[in-house]
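# Architecture and fold: a report
For reference, the chains in residue letters:
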Amino acid sequence: MHAEIHGHRGARGLRPENTLPGFAHALEVGVDALELDVALTADRRPVLTHDLTVSPVTSADVRPAVHGDPLFPYVGRPVGELTLAQLRTLECGVRVPRTPEDRFAATQVPVPNTRMPTLGAVLALMDAYGADGVRVHVELKSDPTRPHLSADPAEFTELVVAELDRHRRLDRSAILSFDWRILRIARSLTPATPRYALIERATMADAWLDGLRLEDFDGDVAAAAAEAGGTVLSPEHVLADPELARRAEKAELPLAVWTVNEPARAAELLDLGVAAIVTDYPDRMIDLWSERGMRVPAPVTPTRSMSA
């Protein structure tokens, strides 16, 4: 069988998430796709962040962008309130665990003096690596239940698609979102680009599903995802079971399951027939793939100057 390895936020278990050093490391380990998260700044730039407010775990204040900036400190503020210049002052290479149980702090190698990158910077990094065979999977962070924190979904999707197109990446990309309005908009803008319908228990509600009601589909979330414009169903791994796999197959949607870090669970999901595993530890998955005699993604090293 064949299944892909997708590096979650780069390789969150190994290097700082959603950063250039993290993506570079994931490429050098070997992945089929880099998964990343984007939100819009106040000056409408797509930047990499998992959270709609600046996270105190992945970001730390260093200095204000300008002397006397009334918005400083920036940690805890909505990303959409801050400009790229303000966000670029943050330290994003040293994880600050909230609890001693933060497993990523124990395994993630810090990279001090790392800044929050733009989507364009990540695409330029992939060009510098010559990573033509690695796809970029862009999750648009949008919460329809918190519109005051979320960008307008049409403008947001248009800006992301335009950036992918500018870097000639649309044919090697995918659009991901829990907010299924994004899937509908992306289908109209770039119908050939795969669209991942993300789900977890908390988002299987009308507000997240572009107004679709699961009861109208007899509870079949795969059928609803296909109706919404999804081309791949991407559930949290705890939702993946034989019944979901059966429904996804009926809807002709591959399953890409997140976030799977334990090889034993990954093995169960491979036996279920999933098309892809999204993981914080691509190195662990490569070991499992090798044990099973499956094709592993080749590591990628830079081919061009990194100065750009």
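Above this text sits the structure in question.
Just so we're clear, the structure is a prediction, and the values are computed from it rather than from any experiment.

### What about the overall build of the protein?
Scanning the protein from N- to C-terminus turns up ten helices and nine strands. A globule of 308 residues ought to have a C-alpha radius of gyration of about 19 Å, and the protein, at 19 Å, matches this closely. When the backbone C-alpha atoms are referred to their principal axes, the protein occupies close to 60 × 45 × 40 Å. Here the protein holds 308 residues, and the buried ones make up 54% of them. The long-range fraction of contacts in the protein, counting pairs at least 24 apart against all pairs at least 6 apart in sequence, stands at 65%.

### Here we look at helix H4 (residues 119-129)
Where burial is concerned, most of H4 is hidden: eight out of the eleven residues are buried. Turning to H4, its buried residues number three or more, namely Leu119, Gly120, Val122, Leu123, Leu125, Met126, Ala128 and Tyr129. The elements touched by buried residues of H4 are helix H1 (20-29), strand S2 (33-40), strand S3 (46-48), strand S4 (135-140) and helix H5 (153-166). Two residues or fewer past H4, Gly130 is found with a positive phi of approximately 65 degrees.

### Examining the pairing of strand S9 (residues 276-279)
Within a regular beta strand, the side chains point alternately toward one face of the sheet and then the other, so they alternate between its two faces. Neither face of S9 is exposed, since Ala276 and Val278 on one face and Ile277 and Thr279 on the opposite face are all buried. Across four bridges, the pairing between strand S1 (residues 4-8) and S9 is parallel. Directly across from Ile5, in S9, lies its bridge partner Ile277. Of the pairings in the sheet, the one linking strand S8 (residues 256-257) to S9 comprises two bridges and is parallel in character. Paired with Val257 across the strands is Ile277, a residue of S9. Chirality of the crossover, the property in question, places the unit of S8, helix H9 (residues 263-272) and S9 among those that are right-handed.

### Considerations on the packing of aromatic side chains
Inspection of the entire model under this criterion finds three aromatic pairs. Ring geometry for Phe72 versus Tyr74: centroids 5.2 Å apart, planes at 85 degrees, classification edge-to-face. Ring centres of Phe104 and Tyr281 lie 6.4 Å apart, and the angle between their planes is 20 degrees; this geometry places the pair in the stacked category. With a gap of 177 residues between them, Phe104 in helix H3 (residues 103-107) and Tyr281 in the loop between S9 and helix H10 (282-291) connect regions that are remote in the sequence. You'll find Phe104 and Tyr281 in the same group, each marked buried.

### What to know about unusual backbone geometry
Pro73 follows Phe72 through a cis peptide bond whose omega is 0 degrees. Examined against the element boundaries, Pro73 turns out to sit in the loop between S3 and helix H2 (84-87). The phi dihedral of Arg9 falls on the positive side, at around 55 degrees, and the residue is not glycine. Structurally, Arg9 is set in the loop between S1 and H1.

### Let's talk about the side chain of Asp102
Along the chain, Asp102 turns up in the loop between H2 and H3. Apart from the residues within four sequence positions on either side, Asp102 is in contact with Val57, Arg95 and Pro97.

### Structural notes on the packing of helix H6 (residues 180-189) against helix H7 (residues 221-228)
Direction vectors running N to C along H6 and H7 enclose 40 degrees, while the axes themselves pass 9 Å from each other. With respect to H7, the axis of H6 lies oblique. Mapping the contact onto sequence places Trp180, Leu183, Arg184 and Arg187 in H6 and Val221, Ala224, Ala225, Ala226, Glu227 and Ala228 in H7. Residues belonging to the contact of H6 with H7 are distributed by class as follows: seven nonpolar, no polar and three charged.

Calculation rules
- Residues numbered from 1 in each chain as written.
- Predicted model: local features only at pLDDT ≥ 70, side-chain atom pairs only at ≥ 80, totals over all residues.
- Heavy atoms only, no water.
- Helix = DSSP H or I, 4+ residues; strand = E, 2+ residues; numbered from the N terminus.
- Rg over C-alpha atoms; globule rule 2.2 N^0.38 Å.
- Buried < 20%, exposed > 50% of the residue type's maximum accessible area, 1.4 Å probe, protein only.
- Contact = heavy atoms within 4.5 Å.
- Pairing = 2+ DSSP bridges.
- Right-handed = clockwise from strand over helix to strand, strands pointing away.
- Phe/Tyr/Trp six-rings, centres within 6.5 Å; stacked < 30°, edge-to-face > 60°.
- Axes fitted to C-alpha atoms, helices over the stretch in contact; angles between N-to-C directions.
- Parallel < 35°, antiparallel > 145°, perpendicular 65-115°, else oblique.
- Nonpolar A, V, L, I, M, F, W, Y, C, P; charged D, E, K, R; others polar.

Bear in mind that shape data such as this cannot, by itself, settle questions of function.
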